[in-house]
Amino acid sequence: QVQLVESGGGLVQPGGSLRLSCVASGRISSINAMAWYRQAPGKEREFVAAISWSVSNTYYADSVKGRFTISRDNAKNTVYLQMNSLKFEDTAVYYCAARSSWYRIIDSTRYDYWGQGTQVTVSS
């Protein structure tokens, strides 16, 4: 089993920045990729970004490319999501997820573990 705990959400004005963190514990050796998803009220959960656990692979949704950066610190078993130039439409609950392979990385059904989520609200 793997446990994921997100933190770093909050209220921010449009154009502002936030950094989310996701700490993994448990069977870390089973993880090959981690990702961030988000879900806005009344909408389906959507892929945001993913990063491989051991090599330099990253992948972003078009809606966040150039504004968000996913990174990891293997020594701390932590994945980060740096969010810049935030927009109203970035408001959502952000979830961290982990899986054992990179295949079809945006497919949420292939993720084995999920965190509880952290709220990000972009408002003036």
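For the structure, see preceding data.
Residues numbered from 1 in each chain as written. Predicted model: local features only at pLDDT ≥ 70, side-chain atom pairs only at ≥ 80, totals over all residues. Heavy atoms only, no water.

### So, the overall build of the protein
Put simply, the rule is: Note on conventions: DSSP H or I runs of at least 4 residues are helices, E runs of at least 2 residues are strands, and numbering of each starts at the N terminus. When accessible area is computed with a 1.4 Å probe and restricted to protein chains, residues below 20% of their type maximum are described as buried, those above 50% as exposed, and intermediate ones as partly exposed. Contact between two residues is taken to exist if any of their heavy atoms lie within 4.5 Å; hydrogens are not considered. Asp and Glu are treated as the negative residues and Lys and Arg as the positive ones, with His and the ends of the chain left uncounted. Here the site of a charge means atom NZ of a Lys, CZ of an Arg, CG of an Asp or CD of a Glu.
Broken down by element type, the protein carries zero helices and eleven strands. Listing every helix and strand of the protein by position from the N terminus yields β-β-β-β-β-β-β-β-β-β-β. Projecting the C-alpha coordinates of the protein onto the three principal axes gives extents of approximately 40 × 25 × 25 Å. A burial count over the protein gives 44% of its 124 residues as buried. The contacts in the protein between residues at least 6 apart in sequence include a share of 57% that link residues at least 24 apart. The averaged location of the 9 negative side-chain charges in the protein is 4 Å from the averaged location of its 13 positive side-chain charges.

### Quick notes on the state of the cysteines
Condition: Two cysteine sulfurs form what is called a disulfide whenever their separation falls within 2.5 Å.
Scanning the entire structure with this criterion turns up one disulfide. The residue that forms a disulfide with Cys22 is Cys96, at a sulfur-sulfur distance of 2.0 Å. The disulfide joining Cys22 to Cys96 has a torsion of about -80° about its S-S bond and is therefore left-handed. One end of the pair, Cys22, is in strand β3 (residues 18-26); the other, Cys96, is in strand β9 (residues 92-99), with 74 residues separating them in the sequence.

### A word on the sheet that holds β3
For the record, the criterion: Between any two strands, pairing holds if DSSP finds at least two bridges. All axes are obtained by fitting lines to C-alpha atoms, using only the stretch in contact for helices, and the reported angles, taken between N-to-C directions, cover 0 to 180 degrees.
Here we have four strands laid out as an open sheet, ordered β1-β3-β8-β7, and antiparallel in their pairing. At either end of the open sheet lies a strand with only one pairing partner, and these are β1 (2-7) and β7 (68-73). Shown here is a sheet whose adjacent strand axes are inclined to one another by a mean of 15°, direction ignored. Strand direction decides the pairing type here: β3 and strand β8 (residues 78-83), joined by six bridges, are antiparallel. Bridging from a neighbouring strand, Arg19 pairs with Gln82 of β8.

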